[in-house]
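If you want the building blocks of each chain, they are given just below.
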Amino acid sequence: MGKVPKELRETIARNIRDLRHKKFKGRGGGKRCAEACGEFVGKPVSPQQWSPWERGMRTRDEQRME
């Protein structure tokens, strides 16, 4: 596994942001998305983990994303 290309990180971030705005409107949306993501994958996801994904600063590794 290599580093995720910047363009792909930005696309993932944009998709995450758009989905959050559609699903969780208002304040606290990032926290609620992190909780929902954690429930989906079966492991807790903190807002501190969620924020860099949404900003395109970081992505989950490929194995975790699957």
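Residues numbered from 1 in each chain as written. Predicted model: local features only at pLDDT ≥ 70, side-chain atom pairs only at ≥ 80, totals over all residues. Heavy atoms only, no water.

1. Examining the environment of lysine 3
Then, in step 1: Inspection of the secondary structure puts lysine 3 in the segment before helix 1 (6–23).
Then, in step 2: Residue lysine 3 is classed as exposed on the basis of its relative accessible area, which comes to 76%.
Then, in step 3: Along the backbone, lysine 3 and arginine 58 are 55 residues apart, and their C-alpha atoms lie at a distance of 10.0 Å. (Helix = DSSP H or I, 4+ residues; strand = E, 2+ residues; numbered from the N terminus. Buried < 20%, exposed > 50% of the residue type's maximum accessible area, 1.4 Å probe, protein only.)

2. Overview of the confidence of the model for the protein chain
Then, in step 1: Of the residues in the protein chain, 86% reach a pLDDT of 70 or more, and the chain-wide mean stands at 78.
Then, in step 2: Of all the helices and strands in the protein chain, helix 4 (residues 62–65) carries the lowest mean pLDDT, 50, while helix 1 carries the highest, 87. (pLDDT = per-residue confidence, 0-100.)

3. A closer look at helix 3 (residues 47–55)
Then, in step 1: Among all positions in helix 3, only Trp50, Pro52, Trp53 and Glu54 are buried.
Then, in step 2: Residues of helix 3 that are buried in the fold lie against helix 1 and helix 2 (29–41).
Then, in step 3: Following helix 3 by one or two positions, glycine 56 has its phi on the positive side, about 80°. (Contact = heavy atoms within 4.5 Å.)

4. A few points about the pattern of salt bridges
Then, in step 1: Following the criterion strictly, the structure yields two salt bridges and no others.
Then, in step 2: Between lysine 6 and glutamate 10 there is a salt bridge, and its shortest N-O distance comes to 3.9 Å. Of this pair, lysine 6 and glutamate 10 both sit in helix 1, four residues apart, which is roughly one turn of the helix.
Then, in step 3: We note a salt bridge from glutamate 54 to arginine 20, for which the minimum N-O separation is 2.6 Å. Taken together, the positions of glutamate 54 in helix 3 and arginine 20 in helix 1 put the pair 34 residues apart, joining distant regions of the chain. Comparing glutamate 54 with arginine 20, the two get one shared label, buried. (Salt bridge = Lys/Arg side-chain N within 4 Å of Asp/Glu carboxyl O.)

5. Notes on the packing of helix 1 against helix 3
Then, in step 1: It is at 6 Å that the axes of helix 1 and helix 3 come closest, and there the two elements cross at 115°. The angle between helix 1 and helix 3 places the two elements in the roughly perpendicular class. The residues of helix 3 that touch helix 1, namely those facing Ala13, Ile16, Arg17 and Arg20, are Trp50, Trp53, Glu54 and Arg55.
Then, in step 2: Split into classes, the residues belonging to the contact of helix 1 with helix 3 amount to four nonpolar, no polar and four charged. (Axes fitted to C-alpha atoms, helices over the stretch in contact; angles between N-to-C directions. Parallel < 35°, antiparallel > 145°, perpendicular 65-115°, else oblique. Nonpolar A, V, L, I, M, F, W, Y, C, P; charged D, E, K, R; others polar.)

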